[in-house]
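Spelled out, the chains give:
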Amino acid sequence: MHGQMAETTKEEVDAGNEVNDPSEWAEDATKGSKNGEKQMESPLKEKSLGFKMSFRESLKAVSKKSPIVFKNKRSENTDDQSSNSPLRPPHSPSLSKGSPSQSSFQSPKAGKASLARTMSDSAVEITGSLARRGASIRQSLGLGTKQKKQELLEPVTEAKTPSEEQTEVIDTVLELRNTYTLPEIPPMPLSVMEINKLIEREVLEEAYVNLLSLRLEFQKEHQSLDQEDYPIELVNKEKDLSLLYGTLRNKMFDIVRNSSALPSCNKELLVYVAQIILEEEKRQGEPGAMQGWREAWREAVLNGVRDTLKKVHLDSREQNASWLAVHLGLLGKVVVGDLERVKTELQSSYPEDFNVFQTYVSCYHEAVGEHLKRLLEKVLELKDYYALLEFIIHRYPSEKVMGSSSLQPELKEDQRVLTLDKNFLNQIKDKYCGRLQADMKTSLNRIIELENEEMWKEKRKPEIDEGIYSSHIDMDIWTNIKGHVQGSRRLDVNLEQKVVRSCLEELKTFPKRFESAFVEWSSPLSNSSLWAEYHISYINSFSALKEHMKSYQDTCPIQLGLVHNEIDGLTTRLSQAVMEDFKTNVKPYLRRQMTGKWFSFDEDFSQLISRTKTLSDQSKYMTPKHKQAFVNKAHFFVVKEYVSQLMKNNYSCKNRKNETAATKITNQWEELKEIFQDMNSTLDWLHPVGNQLSMIIGCKKSDVKQHLQPLVNNYPDIRKSHLSALLYFRGIIRGREKHTILQRLAELKQRTGNTGNREQALFSEIQAAVNTDCLAGTPFSCLSFIVPDS
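All figures in this text were calculated on a predicted structure; none of them were measured in a lab.

Cut-offs and rules
- Every residue gets a number counted from 1 within its own chain, in the order that chain's sequence is written.
- For a predicted model such as this one, the threshold for reporting local features is a pLDDT of at least 70, and the threshold for listing and counting side-chain atom pairs is 80 or more; totals across whole chains, interfaces and linings nevertheless cover every residue.
- For the side-chain quantities, the full set of heavy atoms in the structure was used; hydrogens and water were omitted.
- Numbering of helices and strands runs from the N terminus, with a helix taken as a DSSP run of H or I at least four residues long and a strand as a DSSP run of E at least two residues long.
- A simple rule labels every residue: compare its accessible area, found with a 1.4 Å probe on the protein chains alone, to the largest value its type can have, and call it buried under 20%, exposed over 50%, or partly exposed in between.
- With residues, only the protein chains shown are counted as cover, and all accessible areas are computed by Shrake-Rupley using a 1.4 Å probe.
- Fitting a line to C-alpha atoms yields each axis, with helices limited to the stretch in contact; the angle taken between N-to-C directions then spans 0 to 180 degrees.
- Working definition: roughly parallel below 35 degrees, roughly antiparallel above 145 degrees, roughly perpendicular at 65 to 115 degrees, and oblique for all remaining angles.
- In a left-handed crossing the near helix is turned counterclockwise from the far helix by less than a right angle, and in a right-handed crossing that turn is clockwise.
- Residues are treated as being in contact if the distance between any of their heavy atoms lies within 4.5 Å.
- Take a side-chain nitrogen of Lys or Arg and a carboxyl oxygen of Asp or Glu: if they are within 4 Å of each other, that pair is a salt bridge.
- Only buried residues count toward a nonpolar core, which is a set of Ala, Val, Leu, Ile, Met, Phe, Trp, Tyr and Cys residues joined through side-chain atoms within 4.5 Å.
- Stacked, edge-to-face and tilted labels apply to pairs of Phe, Tyr and Trp rings (six-membered ring for Trp) whose centres lie within 6.5 Å, assigned for plane angles under 30 degrees, over 60, and everything in between, in that order.
- By definition here, charges over rings are those cases where NZ of Lys or CZ of Arg is within 6 Å of the ring centre and within 35 degrees of the ring normal.
- One fewer than the residue count of a helix, multiplied by 1.5 Å, yields its expected span.
- Note on scores: pLDDT gives the predictor's confidence for each residue, bounded by 0 and 100.
- In protein, a polar contact means a hydrogen-donor-capable atom and an acceptor-capable atom, both N or O and within 3.5 Å, with residues adjacent in sequence counting only if both atoms are side-chain atoms; elsewhere, any N or O pair within 3.5 Å suffices.
- Count a disulfide wherever a pair of cysteine sulfur atoms falls within 2.5 Å.

A. Quick look at the overall build of the protein. Helix and strand counts for the protein come out as 28 helices and two strands. Split into buried and exposed, the 790 residues of the protein put 51% on the buried side. Roughly 37100 Å² of accessible area belongs to the protein as shown, and the carbon and sulfur atoms make up 50% of that amount.

B. Inspection of the packing of helix H21 (residues 557–591) against helix H23 (residues 624–644) at higher detail. Where H21 contacts H23, the axes come no closer than 11 Å and their chain directions differ by 25°. Classified by the interaxial angle, the pair formed by H21 and H23 is roughly parallel. At the point where H21 passes H23, the crossing takes the right-handed sense. Residues Thr571, Ser575, Val578, Met579, Phe582, Lys583, Val586, Lys587 and Leu590 of H21 touch H23, and the partners they reach there are His626, Phe630, Lys633, Ala634, Phe637, Val638, Glu641 and Tyr642.

C. Quick peek at the pattern of salt bridges. Per the stated rule, a full pass over the model turns up 38 salt bridges. Among the ionic pairs, glutamate 670 bridges to lysine 673, the shortest N-O distance being 3.4 Å. In this pair, glutamate 670 and lysine 673 are both assigned in helix H24 (residues 657–678), three residues apart and thus about one turn of the helix distant. By relative accessible area, glutamate 670 is classed as partly exposed at 32%. Lysine 673 gets classed as buried once you look at its relative accessible area, which sits at 18%. By sharing partners, the salt bridges in this structure join Arg298, Glu299, Arg306, Glu366 and Glu370 into a single network.

D. Here's a closer look at the nonpolar core. Of all hydrophobic cores here, the largest spans 185 residues; its most connected members are Leu372, Ile477, Phe510, Phe729 and Phe763. Setting aside its immediate chain neighbours within four residues, phenylalanine 510 contacts Leu444, Ile447, Ile448, Ile473, Ile477 and Phe542.

E. Main features of unusual backbone geometry. Residues glutamine 408 and proline 409 are joined by a peptide bond in cis, for which omega reads 0°. Mapped onto the secondary structure, proline 409 falls in the loop between helix H15 (382–395) and helix H16 (422–456). For asparagine 355, which is not a glycine, the phi torsion comes out positive at approximately 45°. Tracing the sequence through the fold places asparagine 355 in the loop between helix H13 (323–346) and helix H14 (356–376). Its relative accessible area of 43% is what places asparagine 355 among the partly exposed residues. With a phi angle near 55°, lysine 459 is a residue other than glycine that sits in the positive phi range. With respect to the element layout, lysine 459 can be found in the loop between H16 and strand S1 (463–465).

F. Region of interest: the packing of aromatic side chains. All told, the structure shown has 30 aromatic pairs when counted by the stated rule. In this structure, arginine 249 is placed above the aromatic ring of tryptophan 293, and the distance from its NZ or CZ to the ring centre is 5.0 Å. Sitting above the plane of the phenylalanine 601 ring, lysine 597 keeps its charged end 4.7 Å from the centroid.

G. Here's a closer look at helix H25 (residues 687–698). Of all the positions in H25, only His687, Val689, Gly690, Gln692, Leu693, Ser694, Ile696 and Ile697 are classed as buried. If you follow the buried residues of H25, they end up packed against H23, H24, helix H26 (708–714) and helix H27 (720–730).

H. Focus on helix H22 (residues 603–619). The end-to-end C-alpha separation of H22 is 24 Å, in line with the 24 Å expected for 17 residues at 1.5 Å each. Of the positions making up H22, those classed as buried are Asp604, Phe605, Leu608, Ile609, Thr612, Leu615, Ser616, Gln618 and Ser619.

I. Spatial organisation of the environment of methionine 455. Mapped onto the elements, methionine 455 comes out in helix H16. For the pair methionine 455 and tyrosine 534, spaced 79 residues apart in sequence, the C-alpha to C-alpha distance is 9.3 Å. Not counting chain neighbours up to four residues away, the residues in contact with methionine 455 comprise Leu450, Arg460, Lys461, Pro462 and Tyr534.

J. Layout of the confidence of the model for the protein. Model confidence for the protein is summarised by a mean pLDDT of 79, while 74% of its residues fall at 70 or above. For the stretch residues 1–157, pLDDT sits under 50, and the model shows 262 contacts to residues farther than four places along the chain or on other chains. Confidence over residues 774–787 falls short of pLDDT 50; this stretch has 15 contacts with residues more than four positions distant or in other chains.

K. Seen up close, the packing of H25 against H27. At a minimum axis separation of 9 Å, H25 and H27 run at an interaxial angle of 50°. The orientation of H25 with respect to H27, classified from their angle, is oblique. Every pair of crossing elements has a handedness; the one defined by H25 and H27 is right-handed. Only Leu726, Phe729 and Arg730 of H27 make contact with H25, whose side of the interface consists of Leu693, Ile696 and Ile697.

L. Structural context of the environment of valine 326. Tracing the backbone shows valine 326 in helix H13. With eleven residues separating them in the primary sequence, valine 326 and aspartate 315 have C-alpha atoms 8.4 Å apart.

M. Fine view of the side chain of lysine 738. By secondary structure assignment, the location of lysine 738 is in helix H28 (residues 736–752). Here serine 724 takes part through its side chain, which lies 3.1 Å from a polar atom of the side chain of lysine 738.

N. Examining the state of the cysteines more closely. Across all of its chains, the model carries zero disulfides by this definition. Of all cysteine sulfurs, the one in cysteine 503 lies closest to cysteine 433, which takes part in no disulfide; the gap is 8.4 Å. Residue cysteine 433 is classed as buried on the basis of its relative accessible area, which comes to 7%. Counting only cysteine sulfurs, cysteine 503 is the nearest neighbor of cysteine 556, a cysteine outside any disulfide, at a range of 9.5 Å.

This is the structure we're talking about:
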C-alpha cells in the first residue's frame, strides 16, 4: 500500500457495515503523508478533497447494494497492519506526492496497491473481507474473543473453490460496471506531473477527471483570448494536454493489450478504460478532443492477440520434422484458451455495445491470418503445405478450435471460418501443387533407380502375379497419386482437381524417361529370353497403370488423354520391340524354305517351330488384351513369310517333286496351324491358305483350274503374279496350260467382284517375283497381255 493507515477507532469498528462518511475521509486527509512526505498546498488539497468526498457520497448507494465491494477495499488496506486491529479506515486521500494511488476513484478492490495480484488473490481478499466483517459484528455483539472468531471463520475461507472465487470477482466487476458514474470533474486540475504520475500508476479514473479539468481550463482560457493573441503559456498547456492524452491512451491500451494475458489484474482497470472511451466518444465535438478511441481500442486488442500468438512454441525444421503440424496444434489450443478467458472473465468489464467477444474473434481471425503468412515463408515440404491447408480449411473452424463447445453459443457458425484473402489461400494451393509435382518427379525417378538396382543389375526374372509377368511400377505410381488425390479431396474439391492435374502433368513425361533408361540398359541383352520377359512385364504394368488412371477421366479428361497417349506409345513400342526381335530370329529359317535343300533338310523348319513356341510361351504371360494383338501379329507374319517363299521363283519342281513338296507343305502347315491355335490366334481365315496352295502344287496340271475357286473365294486379293509364281514352283513355267490357268483366275476374280472379304488381305502384303522368260518357248506368251495381273 502507498501510505500508512490511520488508527482505527472503536466507533469505526462498530460501524463496520457502513461506508465512511465524507467527514471521516476529511479527517483522515489531515493525518497522513507517506513516510513524512510533504502534503500538497492547501488550495489544491481542499479542491481534491472536496472532489473525493462528493464522489464517496455517490458510492454509498453502491455499498448498500454490494457491501462486499467496499469491504473488499478495507480488507486490502489491513494487509500490512497488525492483527490487533481487525478493520482500518481508508488512507487519507491526501494529494501529496505518492498519495494519488489511494484515491477514492480507484477500483473497490483497493487503489492498485499491487497489479501483480492474481485472480485467486483477489477472491481470497474478498473472502477475507467477509470473514472480518463477520468478526466485527460478533465483537460488537459480545459473541466471543477475536481469536475464537477467526478460528471459526477459517474453514469458510478454505472451503472456497476457484469457481466460486472467480464468480465473486466477476460479480464485483459487474457491480462496478453497472453502477459506474463518472466522478465530478474537479474545478482545479492537478499539475501535469501529478496527472502523469497517476497515469503511470494506472490510477486511470482520477487521472482522467483531472485531465478533463485541465482540458476545460484550457478551453476557457482559449475562448477568452482573441484569435491573434495566443500566449506561449497557452501553447505549452495545449501541448501538455495533448501529451497527457497520448500518455493516457497509450497506458489504457497497454492495459487492454495485456488484458487477456493478465485477466485477474486488469478486470477493474478495463472498466475504467471502457468508461473513459465512452466518455471521450460523447465529447468528440469538443475542441482538442482526440479521435478514434474505439478504433485504437480494437487495435490494442489486435496487438495483444498478436503478442499471444508470437509466444506459441515453434520448433525449427531441424529440431522437429513435424514442426509445423505441432505448432498449429498448439496455436489452436492457445486461441481456444484465450477466447475462453475473454468469454468468462474479460467481457464482464465492458459494456455490451463493445461486443468484446466478437471483437476478439475477429482480431484472432486477422492475427492468425498474418501469422500463417509468416509461416508460409518457412514452408518448403509438401507435408507442411498440407498441414497449413488442413488447419485453415478444416481444423480452425472445427470443434477443435473455433467450433469448441466452450465458445458456444456466443460464437456463431458463420463466424468460425478463418477470413483470409482469397489470393493467399490460392497461393498456398498453388505452392502445394508445385511442390507436389516436384516430389512426383523425384518419386518417379526413384522408381527407375529402384528398378535398375533391384531388377536389371541383378538380372532377376519378373514376378508372376495372377498368371502374368508383373512389376510393381503401376501400383507404386498409382498408390502414390491416389494418396495425394484422396488427401486433397479431404481438404477441398477444387484442390483435388488441381492435384490430379499436377500429377498427370508429371506422369505424362514418365513413360519416355523410363523407356530411355530401360533401352540403354537392355540393349546388350536383346537376344536373351530375360530381355523379352522384361518387355512383357512392362507392357503389362503400364497397361494396368492406364486402367488405374481411368478413374480420373471426369476430373481432368484432357490431361488424362495425353497420359494415355504416352502410355499407349510406350506399350506399342515395347510390343514392337519383342515382335521385331522374333522376326529377326525366325527370318533366316523362313527364307530357307521352298528351296532345293528344303526337301531333305528340316533343321530350319525345326528352328522356326522352336522360336515360335518360345514366343508362344512368353505371350502366355501377357495381359489378355495385349496378348491377342501380339499373337495375331505373330501368326500373320509367319503365314505371310512362309507363303512368300513360294512366290520368289527360287525353285521349280521337276520329275514329280511337286507331289513331295505338296506333302511336306501340308505337314509343316498343320504344325504351324496347331501352334497358333494353341496361342489362341483369332486369324482363323489364315488356316486354309496352306492346304489350298499345297493342293495346287500337288495336283495334275489339268486339275489346277479346279482348285482356284476356293482360293479366290478365301483370298480375293490374289493376283496373276502370285499364281504365276506358284505355278513356277509347281513346275508349270510356260505353255498353254499356264495361260489357261491364268485366264481362269481372271474369270473367277471378275465373277467374284467385290464380294470377297477385303479385311482378309494376305496376298496384297506379299510381293511376287516376275517370270522374265515367259516370252521364250511359247507362242501363247504374246497373248499374256490379255490376262491382266489382277
